[in-house]
Structure formats: structure tokens, C-alpha cells
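# Understanding the architecture of this molecule
Now for the letters of each chain:
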Amino acid sequence: MLSVSLAGAKLQNPTVLASGVLGTTGASLIRVAKEGAGAVTTKSISLEARKGHPTPVITTFDAGMINAVGLSNPGIKDFLPELEAAVKGSPSPVIASIFASTIEEFGELAKEVSQAKPSLIELNISCPNVNDEFGRPFACDAVSSSEVVKAAKKGTAIPLFVKLSPNVANIGAIAQAVEKAGADGITAINTVGPGMQINIEAAMPVLTNKVGGVSGPAIKPVAVRCVYDIYKATKLPIIGTGGVTNARDAIEMVMAGATAVGIGSAVYYGGVEVFSEIPKGMREFMESEGYSKIEKMRGIAHEE
Amino acid sequence: MRNDEFIVMPIAQTKDETKTSRTFFFDYNLNSKPGQFVMLWLPGVGEKPISVSGEKEGRFSVTVCAVGPVSKAICELKKGDKLGFRGPFGTHYSIPKDVESIAVVGGGYGSAPLAYLCEHAIAQGKKAYFIEGARDSAHLLFAKRMEDAGAEVLLATDDGSEGVKGFPTDLLKDALKAHKIDRVFSCGPEIMMKKVAEISAHFNVSSEVSMERYMKCGIGVCGQCAVDELGICLCKEGPVISGKTALSLKEFGNYFRDSSGKKIEYNSRRV
Ligand SMILES: Cc1cc2nc3c(=O)[nH]c(=O)nc-3n(C[C@H](O)[C@H](O)[C@H](O)COP(=O)(O)O)c2cc1C
Ligand code: FES
């Protein structure tokens, strides 16, 4: 009833651990998969190690959180054994997220990461945390987005998902461009913003980096609209991500056109248990509303 | 909806504990339990996880040792200066009803949550053995506070300048031999805690240790503090875990991860 397929990867249920939330080590990925996630995505990995921004790197507000973790990761060489352990020990498909500062590096990394045989590779071209270092994220521009996809395609035969940013004028056009370049699917969205929180007693921004990407319930309407636009613009499977905290949110994503549903910040509100609770709630909803399969709901909101 | 924003408020009082450590009191009802921590934030400087070192009657405290740039800057602060905190986070030490007497073993800066725990235990009518180890008498943290609270205080120093010359783990062994102790708690260097967990297991007494890892979010989201091979996050499913769980962790006493996630062996680290 709930199983879905993402470019050949079989998921028992549509929940996917979003990149950057847990997923820092092999053991952590396996743990989340065992809790019930349909697939798990690694923290985004780069060629070289990165320490990330100085703390505080996360702060919360009434309806979500702002993070400036800064893509910390041990670099591909140290991460490969973790990824291999995850692929071996995880009961569900593992998605390897990678990011680079140049188009060529994306190709190199795609090749490197493929050694561990993840089910899918996700190209993170949309992290707002590293703007100042790398200029505008690739995802803000249709041409550079497709260049990244082409470079990565040359480096690997594993299906490629492209993670898009909501912070663009026309996300549908970018989706079409990466589809044409050979992408096998789209993950949307990355964090919104950047945003800022000022503590008024301290009279200064809370994050040391001052700004960070906004996630959680506050961004759900933006995510749903983006998924809706991408579904309309392309035929690619979508991992609809952004502000999903319960089964109703997940159904909403599917109705907008998502094949699978990415879950990140919800771990803060509901713990890793959300990966068993959301599928359970989805099943209950489908039974009471008379949907026999998840496909019956996918993109249903587009029907006139 | 859950929200753990920083609360920034003036420090109500400070107290110097040793030459390099200072306790800060806040008039705030944190509702903490012994073993839990807060993220302390000095605006403009940085953030640091720190154990709650006491709480009663609407006032809680943290004890900060000046080791890194952030903690050094915090230790310069005086009464009335503003400091931020979010929390309390993580698991806490547990004293089941049928436990009548406890022993705590602290080393280095680990005594802060243990002093809080002993006060808590004594208030519940339990007997507490407070075992502390340090380089020398000048580095002992809470011996006086624990004597005043009514704990049995047993001290060990490397140079013998106070208490016995030797290790706190030897004092624990002697205490377990000589007295009826129902549960052992520890916080401090990981090698010491590993010994504590092993000794307790040898005497068939259950133990709890406070295992720390580099932390970023403190709220179980970023994955920075995940430990091998259970994959649990120590900011949420720790820092306090049973000695048995700790001994089952491949990395306990062996390695930890730096802020990039690279593994660092304990013995290769210069201290
Ligand atoms: C702490 C944190 C770290 C993140 N790190 C990454 C990352 O490394 N790579 C990435 O593609 N997205 C990263 N994201 C974005 C999430 O994968 C997700 O796209 C976004 O948070 C929206 O989903 P949510 O509302 O369910 O969290 C991160 C998000 C958070 C909260
Ligand atoms: S510090 Fe972020 S998960 Fe523990």
C-alpha cells in the first residue's frame, strides 16, 4: 500500500531521512533505517573535510528552526567506510548526498562516492549556508544546475537526484533544465531563506554565522507549492521535503506530486519515532478515505 | 510546538571554585535533573554545552572551567553580566526507590553534575559517597560543598596533596568492598568512567556514566554526537547512559569525533 519506487530504488514506505539531520555516520543511518525510514540520506559530503561554522549553529523558534551548520563533514575519504557500513547494514536504501564548489568536483565526487554503492546519489546544489564562500548556489541558475548534473552523470551510473532550492523565481524551469540534463529525480526543497533570529536581550543575532537556512513547519506551504510546480513541469519522481512533521503533512506532499517524503526537522519535534508513526498515520488515512495505493493520491491536487 | 530558544539574563551570583573554575547562578526555574546539561551562550563569543551543577528553589547553577576560548571568556563574567542558556537537555542520573546508598566518582571537571546528584540523593534520605580525583588539592572542586551536604567525602590526588595519593577508581573499589552501595555514578575522563563501569560490573552493582561528545545542536538533530555502533545521539539519548550500554559502545574510551566528524583516537590526542 505504501511502497514506492525512486528511480529503481524500492522503499517500503515513502518516508526519507533528509540530508543533514542525523545521518552523519554509518551507525546513525542504520539506526534511522531500523526505526522505519523508507530510505535514509547521508549528511552532504565534500571532497575535503569541513569543520562547519562556529556555534551556535542552530536555533529554534515557534514554528521551526534556523541552521548554519555549514556543511561540516569528514570529507569523502573518511566518509566512505561509514557509507559502506550503512549500505551493508541498512534495511532500506541509502542515498548519498554530495556537494562541491565547482562543477568538475561534482563529477569527481560522484565517482568517488559510487564506490560504496549507494542506491541513489543526491546532488546538493542548494545549500544556503555556504553562499559567501562559493557565491550563489548552483541551484539558483538553470544553466549551472544542468552543468552539475552532466558532470556528475559522467562520473557515475547510479541514479542522480538533484536537490533544489526554493529561493528562486521559477523552480519549475530549473527542474525542467535538470531533467533535460539527465537527472533521475528531484529532492525539493532545501532550507528557505536565509533567515535570521535576533535575541532581544542580547541585542544581536543568535547564530554566529548571523543567518541560516529555515526549516520545519514554517516552510511547509513553500515546500508544497514547490513540489506542485515541479510535478507540473517535469515527469521526474520527487522527494517532497520541507516542514513535514506528521502523516497529514506527508499526504499533502504526495497530493502535490511527491513520490516520497523527506523528513528532517520533525526529528526535533517527534524523535526518530516519526519514521514509524508517519507511515502508520498515512495508512490509516488511506484506509478511511478509500485510497488503495499511494499512487492514487500522487498529484491528485492537480486534477481540475 | 516545542521551542528551545535561548534565554538571556543577568547572572544572579558567582562563586569561585578553583583558580580556573567559577560557578554561575541564575534566578530561573530550569526544572533540571542531575546529569542534564544546558547550552551556554555568551553573545558575540560562542556557545558551549555545560552540565547543570545544582538547582533548588528557583535558582540553578553551572560550573565552568576555563579551558577553551569560550569557557575562558565566560569565566571572566561577573554578577549582573548577561549570559544565555537553552535547555535543560539530555538524560539524567536515576536513583530508583529501592536504592539506599550511592557512590559517585568524579574526575577533572566531572564532579559538577555529581555534586548536584548527591544533594538530590541526600534530600531523599539516601547515603552518598562522594569520590573525587584531581591533579592536586587546588583542583578539587566540590569537597567542601559535599561535606556540608552530608556526603561521605573520599579524595584522591595525583600528588597526594589531599586525600590519598592515587586514583579515584581505587577509592571506589575500597568503598564497594567496605560498604553496601546500591548504585554507582560517574562523570569525568572517559578512561576513568570505563574503569568505573567495569569495577561496578565486577561487584555486580549497576552504574551510570555521563558520556560526552562534541555537540552542535544539543537537540538530537544534527547528528554530530552520534556514537558507534548504536548510532544514538548523546545529546538526547545521553549524556547519562548505563555503564552496561557504555561498555557496549565501540568508541567508549577509544575514540571520538571532531567537529568535522573525523575520528580521533583518545591515546593519539595530546592533553
Ligand atoms: C540541521 C540541518 C542540517 C541540514 N544539512 C543539510 C545538508 O547537509 N545537505 C542538504 O542537502 N540539506 C541539509 N538540510 C536541509 C534538509 O535536508 C531539508 O531539505 C530541510 O531542512 C527542509 O526539511 P525539514 O523541514 O523537514 O527539515 C539541513 C537541515 C537541517 C535542519
Ligand atoms: S549535538 Fe546535534 S544531534 Fe547531538
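Please read these numbers as outputs of a predicted model, since none were measured by experiment.

### Describing the sheet that holds strand β5 (residues 58-61) of chain A
All names here are of chain A. In space, the four strands of this open sheet follow the order β5-β6-β14-β11, with antiparallel pairing throughout. The sheet terminates laterally at β5 and β11 (192-195), the two strands that pair on one side only. For this sheet, the mean inter-axis angle between neighbouring strands, taken without regard to orientation, is 30°. In the sheet, strand β6 (residues 64-67) pairs with strand β14 (residues 212-215) via three bridges, with the strands oriented antiparallel. Each residue of the ladder has a partner; that of N67, found in β14, is G213.

### Re the packing of aromatic side chains
Residues and elements named next belong to chain B. Going through the model one piece at a time under the given rule, you end up with eleven aromatic pairs over all chains. Positioned above the aromatic ring of Y129 is the side chain of K127, whose terminal nitrogen or guanidinium carbon lies 5.1 Å from the ring centre. A cation over a ring is seen here: R145 above F142, with NZ or CZ 4.8 Å from the ring centre.

### With respect to the side chain of A:T15
Residues and elements named next belong to chain A. Position of T15 among the secondary structure elements: in strand β3 (residues 15-17). Residue class for T15 comes out buried when judged on its relative accessible area of 1%. Polar side-chain contacts of T15 include one of 2.5 Å to the side chain of N13.

### A look at the domain arrangement of chain B
Residue and element names in this part refer to chain B. Domain assignment breaks chain B into domain 1 (7-89) and domain 2 (101-265). The C-alpha centroid of domain 2 is placed 20 Å from the C-alpha centroid of domain 1. Across the contact, 22 residues belong to domain 1 and 20 residues belong to domain 2. Across the domain 1 to domain 2 interface the summed buried area is about 1,700 Å²; carbon plus sulfur atoms make up 66%. For the domain 1 face of the interface with domain 2, the top three residues by lost area are P34, F37 and S53, together amounting to 27%.

### Quick notes on the nonpolar core
Nonpolar side chains in soluble globular proteins generally cluster together in the buried interior. If you look at the biggest cluster of nonpolar residues, it comprises 140 residues, and the most contacted ones within it are A:I58, A:L123, A:I125, A:L164, A:M282, B:L172 and B:V184. Counting contributing residues per domain, this core is built from domain 1 (7-89) and domain 2 (101-265) of chain B, each supplying no fewer than three. When near neighbours in sequence (up to four residues on either side) are disregarded, B:V184 contacts B:A103, B:V105, B:L172, B:L176, B:V196, B:S200, B:V205, B:S206, B:S207 and B:E208. Among the nonpolar cores identified, the runner-up in size contains 25 residues, and B:V99, B:L117, B:L140 and B:F185 belong to it.

### A short note on the environment of A:I294
Counting through the fold element by element, A:I294 comes out in the segment after α10 (274-289). Excluding residues that lie within four positions of it along the chain, A:I294 makes contacts with A:M1, A:L2, A:S3, A:V4, A:P14, A:V254, A:M282 and A:M286.

### A word on the interface of chain A and chain B
Opposite the 37 residues of chain A that make contact, chain B presents 40 residues. The interface formed by chain A and chain B contains four salt bridges. With its nearest N and O atoms 3.1 Å apart, the salt bridge here joins B:K262 to A:D78. Here chain A is connected to chain B by 19 residue pairs in polar contact (both at pLDDT 80 or more). Of all the secondary-structure elements, those providing two or more residues to the side of chain A that touches chain B are α1 (26-34), β5, α2 (76-89), β13 (204-205) and α9 (266-270) of chain A. Residues belonging to the side of chain A that touches chain B are distributed by class as follows: 19 nonpolar, eleven polar and seven charged.

About the thresholds
Residues numbered from 1 in each chain as written. Chains lettered and ligands numbered in written order. Predicted model: local features only at pLDDT ≥ 70, side-chain atom pairs only at ≥ 80, totals over all residues. Heavy atoms only, no water. Pairing = 2+ DSSP bridges. Helix = DSSP H or I, 4+ residues; strand = E, 2+ residues; numbered from the N terminus. Axes fitted to C-alpha atoms, helices over the stretch in contact; angles between N-to-C directions. Phe/Tyr/Trp six-rings, centres within 6.5 Å; stacked < 30°, edge-to-face > 60°. Lys NZ or Arg CZ within 6 Å of the ring centre and 35° of its normal. Buried < 20%, exposed > 50% of the residue type's maximum accessible area, 1.4 Å probe, protein only. Polar contact = N/O pair within 3.5 Å; in protein donor to acceptor, adjacent residues only side chain to side chain. Domains from an automatic or database assignment. Contact = heavy atoms within 4.5 Å. Buried area = accessible area lost by both parts, 1.4 Å probe. Core = buried A, V, L, I, M, F, W, Y, C linked by side-chain atoms within 4.5 Å. Salt bridge = Lys/Arg side-chain N within 4 Å of Asp/Glu carboxyl O. Nonpolar A, V, L, I, M, F, W, Y, C, P; charged D, E, K, R; others polar.

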